[in-house]
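One letter stands for each residue in the lines below.
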Amino acid sequence: MSLDISKYEQIFVREATQYLEALEILLGAAGQDPANGDLWRDAYAKLHSIKGMARALELDAITGLAHAMENWCRLFAEKTACADKASLDLLVEGLELIGREVERRIDLGDVAHRERLETLVAAFNASPQAPSVSPPRPGGIPERDAPPLKPPAIEWLSVPFGLVEGLMGLSQEVLQAGAALRQTEAMGASGAPAADLGNLLYLIRELYLALARMRLMSVRDYGALFEKVVRSLGRQTGRGVALEVRGGTLQADAALLDRLREPLMHLMRNAVIHGIEPGDERERLGKPREGRIVLEVQREGERLVLTVGDDGRGIDQGRVHAYLKAKKGLNEEEIGRLSPSALCATILEPGFSGAAQLTELAGRGMGLHVVAQAVEYLSGSLRIRSSPSQGTQFVIGLPLALAVAYCLVFRIGPYWLALPASDVQRIEGRAGLAAQEVSTLLMDLARSGDPSARPAYVVVLRGAQRGVALPSDSIQGIQPVTVMPAGGLLGQARRFAGVGLLEDGQICVVMQREILDAGGTGAGAPGADRARVAFGSEGLSGAGGDSEA
Amino acid sequence: MDTVDFWIADRLYGVEARHVLRVHPQGRVTPVPWMPPFYLGLTYFRGEVYDVIHLRGLLCRELPACKPQGAMLLVRWSNRQLALVPDRLAGLLSETQSHPPADGARVPLPEPLVLDQLWQTLGRHVPRHFEI
């Protein structure tokens, strides 16, 4: 009887691939927190598992490399050595080499790979503080070895244990409540089912909110997705570059972050290829030899603001001028009259390319306009700041990005609307209609079916210079609302902060406060107000950029 | 190329089947103020919100007199997604079926509904804030 080795190879490929993906994330996290022993212990365990599987299949080279790498992880976990950038780079390179060989399901048959393997194993056998690896090769690594330029998909979320425990407890309560309901029904009791049903619905709502909180992802975990790709890009282009993640403890909706994964990667790729200067040039300019890309995430009020910045050469104004002359027919005088923000925004145009020549990495017409499109889809704004020789920053603002916000939910005519509770001062009865300056924008909605309609309530907004109030036919109350970006066509309308999902599965539209303020009141001049909020100031491809140049 | 076909007025249209996520019964559609009449509102399906578009209202400028019935197509392509409400679904047409059958009966070929073009058309009709 012959042993079907291919079956075991398939299992090896599947499991080793999962371990390698987890290791990439772990190393990314370790890059942010190199003294975290737990991360290194986890990495050690995963490399040990790969080693064990490879040994069983007599894949000696992979076994040897995994063994050498796990030794380093053990040293870092025990804190007998400190992980620095060079050692992290070396570990990432080791993972890449194992990954390629795992995909091929063969042991290192390729001479070039075998040589690289021997170099790597020798480096891992040396002290972690002084790895004896060669510097980045000037010509970059061969194309067939080039790592993928897309950041890995979000496949894992770190969830606090307490949240999972709470979820389990809630689930058990739901099951018990369901069983109680069934029992009451079987007994033929008349009054009890309504109370039992109410209890069950309450528990289901709690369950739903707990699940919504589970979809949050820390910025630190999100940033780790990009670290390996940025390092790989640096090696490919022969530039030293590091990614710094700021705002790591902040949490944001993983679905939203996932939508931004490729646009942010595009910005980082552009920063490495067009922004960061080669090491020698940086030294001549008095900069650190290694370039820096910063991903910063902040919450500003009800907005999530993501910034991708670099300390490179800034936007090539010569290329911008050349584009405006060739494609827009402008002369130098006309270009000179353009604002710095308009000049910056030029790089978002579909035909603009920052590449001097076609390479594997740049100049293929995939310009920054794809980033602008993605941000627009999420109903966000994009601003650009650039200074010659100091770098470029792309600032993406997104409305109401956190998963759950407390909102006042109310109805006008057929429309269910929501407004962040922090914007609401008080609710008055119909009599308040006369006392307040009621939004004509919403009053028109209330009267769209019946011109004589008199809404039952008035919602008075907080903090307005004059008391702006919203009419309402009914008030559902202040509720936790899962807010999703106003994407698609709704985003293009630029009037809404997002789409809210209520506990009962109903959806509502979350209003933008500034739009309501500017939408006109009974006493105001709507036309003038509208002009004040025209979207030229927040637009994507128009005057949206500003510049410190 | 397989297409999911549907009727709008007296014309048969087809959208590439690979873009169709689901044929979904019209459940809750939440109306949205200040949007054009062909924009029926929003619907929610498995964690995603879809703009619901009445195709006859958009393509033929014939506005729905009452809430349209029937199924809607949830489509997703190039990071975009829509819920399309046709007059009537015709079914799934595979590439091999797009040729006349042996008995000579005429099978109308669907007019391809190119989603990128549809998106551009929709974009032109959606009023930006300052246009209202």
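Just so it is clear, the model here is predicted, and its values are computed rather than measured. (Residues numbered from 1 in each chain as written. Chains lettered and ligands numbered in written order. Predicted model: local features only at pLDDT ≥ 70, side-chain atom pairs only at ≥ 80, totals over all residues.)

Draft legend 1. Layout of the overall build of chain B. A tally of helices and strands in chain B yields two helices and nine strands. The order of α-helices and β-strands along chain B, N terminus first, is β-β-β-β-β-α-β-β-β-β-α. (Helix = DSSP H or I, 4+ residues; strand = E, 2+ residues; numbered from the N terminus.)

Draft legend 2. Structural detail: the nonpolar core. By size, the foremost hydrophobic cluster in this structure holds 91 residues, and its most contacted members are Ala43(A), Leu65(A), Met69(A), Cys73(A), Phe226(A), Val230(A) and Met268(A). Among the elements that line this core, the one with the most residues is helix α3 (residues 60-77) of chain A, at 10 residues. Viewed by domain, this core spans two of them, domain 1 (5-132) and domain 3 (217-399) of chain A, each represented by three or more residues. Apart from residues no more than four positions distant in its own chain, Leu65(A) is found in contact with Gly94(A), Leu97(A), Ile98(A), Leu117(A), Leu120(A) and Val121(A). Listed in part, the 68 residues of the second largest apolar core include Leu490(A), Met511(A), Leu516(A) and Val85(B). (Core = buried A, V, L, I, M, F, W, Y, C linked by C-beta atoms within 7 Å. Buried ≥ 20, exposed ≤ 12 C-beta atoms within 10 Å, placed from the backbone. Domains from an automatic or database assignment. Contact = placed C-beta atoms within 7 Å.)

Draft legend 3. Summary view of unusual backbone geometry. Here the phi dihedral of Ser389(A) falls at roughly 70°; this positive angle occurs in a residue that is not glycine. With respect to the helices and strands, the residue Ser389(A) is situated in the loop between β6 (381-387) and β7 (391-399). When the 12 C-beta atoms within 10 Å are taken as the criterion, Ser389(A) is described as exposed. Phi is positive for Trp34(B), which is not a glycine, with a value near 65°. Within the element layout of this structure, Trp34(B) appears in the loop between β3 (20-25) and β4 (39-45). A residue is classified by how many C-beta atoms lie within 10 Å of it, and Trp34(B), with 19 of them, is partly exposed.

Draft legend 4. Here's a closer look at the sheet that holds strand β2 (residues 11-16) of chain B. All names here are of chain B. Strand order in the open sheet made by the four strands is β8-β1-β2-β9, with mixed pairing throughout. Taken across any chain shown, the strands that pair with only one partner, and hence form the sheet edges, are β8 (88-93) and β9 (111-112). For strand β1 (residues 3-8) and β8, the ladder comprises five bridges, and the chain directions are antiparallel. Across the sheet, phenylalanine 6 pairs through a bridge with leucine 89, a residue of β8. (Pairing = 2+ DSSP bridges.)

Draft legend 5. Region of the structure containing the interface of chain B and chain A. Opposite the 23 residues of chain B that make contact, chain A presents 27 residues. Looking at the side of chain B that touches chain A, the elements that each hand over two or more residues are β4, β5 (48-54), β7 (80-85) and α2 (115-125) of chain B. With three residues, the single largest contributor to the side of chain B that touches chain A is β4(B). Residues belonging to the side of chain B that touches chain A are distributed by class as follows: 13 nonpolar, six polar and four charged. (Nonpolar A, V, L, I, M, F, W, Y, C, P; charged D, E, K, R; others polar.)

Draft legend 6. The environment of Thr184(A), seen in detail. All names here are of chain A. Within the secondary structure, threonine 184 is located in helix α6 (residues 161-187). In this structure threonine 184 comes out as partly exposed when scored by C-beta crowding, with 18 C-beta atoms within 10 Å. In sequence terms threonine 184 and aspartate 196 are 12 residues apart; their C-alpha atoms lie 8.4 Å from each other.

Draft legend 7. Representation of the sheet that holds β7(B) in the model. Residue and element names in this part refer to chain B. With mixed pairing, five strands are arranged side by side in an open sheet as β3-β6-β7-β5-β4. If you trace the sheet from one side to the other, it starts and ends with β3 and β4, each paired once. Adjacent strand axes in the sheet meet at a mean angle of 30° when their direction is disregarded. As judged from the five bridges shared by strand β6 (residues 71-77) and β7, these two strands associate in the antiparallel manner. Across the sheet, the residue bridging to tryptophan 77 is arginine 80, located in β7. (Axes fitted to C-alpha atoms, helices over the stretch in contact; angles between N-to-C directions.)

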